[in-house]
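Secondary and tertiary structure notes
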Amino acid sequence: MDKISQLHDELLLGILSLLPNAKDVVATMVLSKRWRYLWMMVPSLVYDDSYQDIDYGRFSRFVDRSLALHKAPVIDTLHFKLGHICGSGDTLIGAAEKCCVRKLIIKIDDTSSRSSKTDQVILPMSLCSGVHIMLADLKLQNVVLVDVSTPVSFPSLKRLRLKSVKYPGNEFVNNLISSCPVLEDLVVKQCSDDNVTILTVRVPSLKRLSLIQRAELEIDVPHDFVIDTPSLEHLKIVDYTYGSRVVKSTMNRIITASMDIFSPQTKEILGSLTSTKRLFLCLPNSKDAYPVGNIFGSLIHLTICTCETEWLNVLIRVLRDSPNLKTLKIEQYHNLRDEDPRPCWNETSLVPEYLLPSLETFEWVDYEGTKTEKQVVAFILRIASCLKQATIVSFKYIDHDKKLEMLNDFPVSSRRSPACMLAFSWNL
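Within each chain, residue numbers correspond to sequence positions counted from 1 in written order. The model is predicted, so local features are restricted to residues of pLDDT at least 70 and side-chain atom pairs to those at 80 or more, both for listing and for counting; the totals for chains, interfaces and linings are taken over all residues. To get the side-chain values, take all heavy atoms of the structure and skip hydrogens and water.

1. A closer look at helix α1 (residues 9-17)
For clarity, the cut-off: Buried means the residue's accessible area, taken with a 1.4 Å probe over protein chains only, is under 20% of the maximum for its type, while exposed means over 50%, and partly exposed covers the values in between. Only DSSP runs of H or I covering at least 4 residues are called helices, and only runs of E covering at least 2 are called strands; the numbering of each starts at the N terminus. As used here, the arc belongs to the directions running from the helix axis to the C-beta atoms. Whether two residues touch is decided by their heavy atoms; if any such pair falls within 4.5 Å, the residues are in contact.
Those residues of α1 that fall on the buried side of the exposure criterion are Leu-12, Leu-13, Leu-16 and Ser-17. End-on, the buried residues of α1 take up no more than an arc of 140°, which puts them together on one face. If you follow the buried residues of α1, they end up packed against α2 (22-27) and β1 (44-48).

Laid out in structure tokens, this is it:
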């Protein structure tokens with residue numbers, strides 16, 4: 001007896017939604033009369049052209065016919081995974097016009113051996129004209145957007161992800177972002193030849209923002225950000241191009257911020273982060289990192305990456321300006337560049353009594369036990385009067401004698417807070 005068929009429709013539709021391809025979903029119609037029309041109400045559909053070795057025409061006809069027969073009043077997720085037989089964007093446009101969608105994903109696999117630059121999917125933003133009223137989540141990846149005369153508005157869109165998308169120019173992408181009046185979460189990952197040199201994010205409702213630029217962007221071409229987001233709470237910038245900068249920023253409610261920036265022009269953006277409570281920094285310099293006199297009065301958790309030569313100066317400067325810091329983490333998140341010198345410890349420029357008055361937790365991940373690292377750890381243990389726990393994690397193999405030597409480097413008598421628990425973790 002078929003026990004699965006006896007389950008409620010809601011459970012069966014949930015099971016069908018987990019299938020990796022719409023072809024699998026439609027194929028269940030042959031199981032029995034119970035299943036014949038059930039697939040037509042599945043709330044999530046994934047169209048993956050890599051599922052079978054079929055040509056574009058067959059794939060396009062399958063998409064058209066299956067969506068024409070689909071009866072669900074609203075599709076929670078409509079996902080296109082293309083790359084083998086991209087063709088044009090006509091199929092996607094037609095599909096979007098036939099249904100009401102809450103979440104639309106169009107992802108082109110540019111790593112496919114059968115795809116090439118000549119197979120790029122070109123889409124007008126009018127592709128969402130049939131779904132934009134209820135569309136709350138939109139993700140576009142590796143597509144080319146073209147301009148249309150009719151303005152597009154997304155009145156319900158709360159989450160927008162644009163990854164490796166190419167645009168007609170600055171004005172187009174800036175208008176696209178500003179056409180989302182209730183947008184709360186935005187991710188923009190730029191690519192080379194995307195025709196964008198000034199990215200403007202002006203959305204009063206935005207709460208989360210991630211801006212990503214990789215090193216393959218042309219270094220000689222300036223890439224500027226304008227950020228006007230008074231409600232923003234979470235900010236992430238990853239920028240490995242030398243010439244990028246934030247030329248204007250309006251952010252008064254930042255809670256968490258992650259700055260992984262290769263460009264030395266960080267004064268404007270870091271000057272807007274004084275309200276943040278959690279901060280990650282990987283910066284190339286400390287001298288002009290942020291305006292003199294800025295105080296991170298709300299900062300509780302600080303993470304510093306040690307891959308840059310100036311990381312130690314960045315650390316000391318932020319510690320001086322963070323009177324309420326409770327947690328400090330030091331970790332190397334990126335590979336070191338062989339040509340870059342490593343920092344040297346110079347305590348003569350420090351004023352210990354003004355540092356770490358409230359620090360309770362200290363962690364160093366990927367600790368190697370160099371002379372400078374030992375001096376930094378000893379310094380923190382000595383001046384942190386409220387420190388409760390310190391953890392040193394090393395990923396390299398260390399023999400027994402070396403472990404004992406490391407333990408003896410930081411005796412209890414050398415700590416400002418003798419009650420602090422110091423723990424070591426080694427890679428076995």
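From this point, the narrative continues.
2. Some points on the sheet that holds strand β11 (residues 224-228)
Put simply, the rule is: If DSSP finds at least two bridges between two strands, the strands pair. In this analysis, axes come from line fits to C-alpha atoms, helices being fitted only over the stretch in contact, and the angle between any two N-to-C directions falls in the range 0 to 180 degrees.
Sheet architecture is open: three strands sit in the order β9-β11-β13, paired in parallel fashion. Since the sheet does not close on itself, it has two edges, and those belong to β9 (198-202) and β13 (245-250), each with one partner. Averaged over all pairs of adjacent strands, the angle between strand axes in this sheet comes to 5°, irrespective of strand direction. With five bridges connecting them, β9 and β11 associate as parallel partners. Looking across to β11, one finds that Leu-199 is bridged to Phe-225.

3. A few points about the nonpolar core
Soluble, globular proteins show a tendency: their nonpolar side chains are buried together. Quick note on the threshold: Grouping buried Ala, Val, Leu, Ile, Met, Phe, Trp, Tyr and Cys residues that are joined through side-chain atoms within 4.5 Å yields what is termed a nonpolar core.
By size, the foremost hydrophobic cluster in this structure holds 106 residues, and its most contacted members are Leu-302 and Phe-362. For Leu-302, the residues in contact, after removing those within four places along its chain, are Leu-279, Leu-281, Leu-315, Val-318, Leu-319, Leu-325, Thr-327, Leu-328 and Lys-329.

4. So, the packing of aromatic side chains
The test is simple: Only rings of Phe, Tyr and Trp enter the pairing, Trp through its six-membered ring, and a pair is recorded when the two centres are within 6.5 Å. The plane angle decides the type: under 30 degrees is stacked, over 60 is edge-to-face, the rest tilted.
In total, this model carries six aromatic pairs according to the counting rule given. Arranged with centres 5.8 Å apart and planes meeting at 65°, the rings of Tyr-47 and Phe-62 form a pair that is edge-to-face. Taken together, the positions of Tyr-47 in strand β1 and Phe-62 in helix α3 (residues 56-69) put the pair 15 residues apart, joining distant regions of the chain. For the pair shown, Tyr-47 and Phe-62 are each scored as buried. Ring centres 5.1 Å apart and planes at 80° place the aromatic pair Tyr-290 and Phe-296 in the edge-to-face group. Accessibility assignment for this pair places Tyr-290 and Phe-296 in one class, buried.

5. Topic: empty space enclosed by the protein
Rolled over the atoms, a probe as big as a water molecule pinpoints where empty space is left. Note the cut-off: Points on a 1 Å grid, built from protein atoms alone, make a cavity when a 1.4 Å probe fits but cannot get out and make a pocket when they are open with protein on both sides within 12 Å along at least 5 of 7 lines; residues with an atom within 4 Å of a point are the lining residues. Grid points are joined across faces, edges and corners, and a volume is the space filled by probe spheres set on the points. Under the convention adopted here, Pro, Cys and the residues Ala, Val, Leu, Ile, Met, Phe, Trp and Tyr are nonpolar, Asp, Glu, Lys and Arg are charged, and Gly plus all remaining residues are polar.
Throughout the structure, instances matching the rule amount to two cavities of 30 Å³ or more. The wall of the largest cavity is formed by ten residues, among which Asp-239, Arg-245, Val-246, Ile-261 and Gln-265 lie closest to the centre. Counting only elements with at least two residues in the lining of the largest cavity, the list comes to β12 (234-239) and β13. In terms of residue class, the lining of the largest cavity is made up of five nonpolar, three polar and two charged.

6. With respect to the confidence of the model for the protein
Spelled out, the test is: One number per residue, pLDDT, summarises how confident the predictor is, and it ranges from 0 to 100.
Taken residue by residue, the protein gives an average pLDDT of 81. The fraction at 70 or more is 77%. Predicted confidence for residues 113-118 stays below pLDDT 50, and this span has eight contacts to residues more than four positions away or in other chains.

7. Some details on the environment of Glu-331
Rule in force here: Polar contacts here mean pairs of N or O atoms no more than 3.5 Å apart (in protein, one a potential hydrogen donor and the other a potential acceptor; neighbouring residues in sequence count only if both atoms are side-chain atoms).
By the element assignment, Glu-331 lies in strand β17 (residues 327-331). Measuring from C-alpha to C-alpha, the distance between Glu-331 and Tyr-367 comes to 7.9 Å, with 36 residues separating the pair along the chain. The residues contacting Glu-331, other than those within four sequence positions of it, are Ile-304, Cys-305, Thr-306 and Val-365. A distance of 3.1 Å separates the side chain of Glu-331 from the side chain of Tyr-333, its partner in a polar contact.

8. Looking at α3
What counts is decided by this rule: By this rule the span expected of a helix is its residue count minus one, scaled by 1.5 Å.
For α3, spanning 14 residues, the distance from its first C-alpha to its last is 20 Å, which sits close to the expected 20 Å at 1.5 Å a residue. For α3, the set of buried residues is Phe-59, Ser-60, Phe-62, Val-63, Ser-66 and Leu-67. For α3, the angular spread of the buried residues around the axis is 160°, confining them to a single face.

9. Details of the environment of Pro-20
Relative to the elements of secondary structure, Pro-20 occurs in the loop between α1 and α2. Since its relative accessible area comes to 57%, Pro-20 is described here as exposed. Residues Pro-20 and Val-46, 26 residues apart in the sequence, show an inter-C-alpha distance of 6.5 Å.

10. What about the state of the cysteines?
Heads up, the condition is: The disulfide definition used here is simple: a pair of cysteine sulfur atoms within 2.5 Å.
Applying the stated criterion across every chain yields a total of zero disulfides. Cys-305 takes part in no disulfide bond, and the closest cysteine sulfur, belonging to Cys-307, lies 3.6 Å away. In this structure Cys-305 comes out as buried when scored by relative accessible area, which is 2%.

11. Quick look at the side chain of Ser-231
Looking at where Ser-231 falls in the secondary structure, it is placed in the loop between β11 and β12. For Ser-231, the side chain forms a polar contact with the main-chain oxygen of Pro-204, separated by 2.8 Å. For Ser-231, the contacting residues outside a window of four places in its chain are Pro-204, Ser-205, Leu-206, Lys-207 and Arg-253.

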